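The chain contents come next:
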Amino acid sequence: MTQTLVALLAALLATQANAAPPHMIDGLMVDDHGMTLYAFAGHGHPDSTACEGDCEQNFPPAIADSNDEPTGRLSIIKTAKGERQWAYQGRSLHHGRMDKKPGDHQGDGLNGAWYPVRP
């Protein structure tokens, strides 16, 4: 039983360690699962005017793995909680909780503050 748990944990960690950095599909920047990534168009951090409810819950940060490295226009910044977050041209990248499948971009233009990244 213990060996099985150790093997499962090792497989999970290996899968997470091999996550692809954000990349382009069909003109949109997406995560390693093909889900659309958003940038906040306002200044500073998102606030109550940018979100309906909790911004971090509705637009969680796109977290970089510990072994991910910046590449091209992608950089890694620190969240307020000290996590490593992907950024594109200095703008933090976020997931949209309203998107259910790859290719969705339901948050496009939400509150005039959230837009899919289209390099």
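About the criteria used
- Residues numbered from 1 in each chain as written.
- Predicted model: local features only at pLDDT ≥ 70, side-chain atom pairs only at ≥ 80, totals over all residues.
- Heavy atoms only, no water.
- Helix = DSSP H or I, 4+ residues; strand = E, 2+ residues; numbered from the N terminus.
- Buried < 20%, exposed > 50% of the residue type's maximum accessible area, 1.4 Å probe, protein only.
- Contact = heavy atoms within 4.5 Å.
- Areas by Shrake-Rupley, 256 points an atom, 1.4 Å probe, with all protein chains shown as cover.
- pLDDT = per-residue confidence, 0-100.

With that out of the way, let us pick up the overall build of the chain. Secondary structure assignment for the chain yields 2 helices and 7 strands. Of the regular secondary structure in the chain, the N- to C-terminal order runs α-β-β-β-α-β-β-β-β. For the chain, with 119 residues in total, the buried portion stands at 34%. Put simply, 57% of the contacts in the chain that link residues at least 6 apart link residues at least 24 apart. Carbon and sulfur atoms provide 54% of the accessible area of the chain, an area that totals close to 7400 Å².

Attention shifts here to the confidence of the model for the chain. Confidence in the prediction for the chain averages 84 pLDDT; 84% of positions are at 70 or higher. When pLDDT is averaged over each element of the chain, strand E2 (residues 28–30) comes out on top at 96 and helix H1 (residues 2–17) at the bottom at 45. Taken together, the stretch residues 4–17 has pLDDT below 50 and engages in 3 contacts with residues farther than four places along the chain or on a different chain.

Glancing now at unusual backbone geometry. Backbone geometry places Gln89, a non-glycine residue, at a positive phi of 50°. In this structure, Gln89 sits in the loop between strand E5 (84–88) and strand E6 (91–95). Phi angles above zero are rare outside glycine, and Asn111 is one such case at about 55°.

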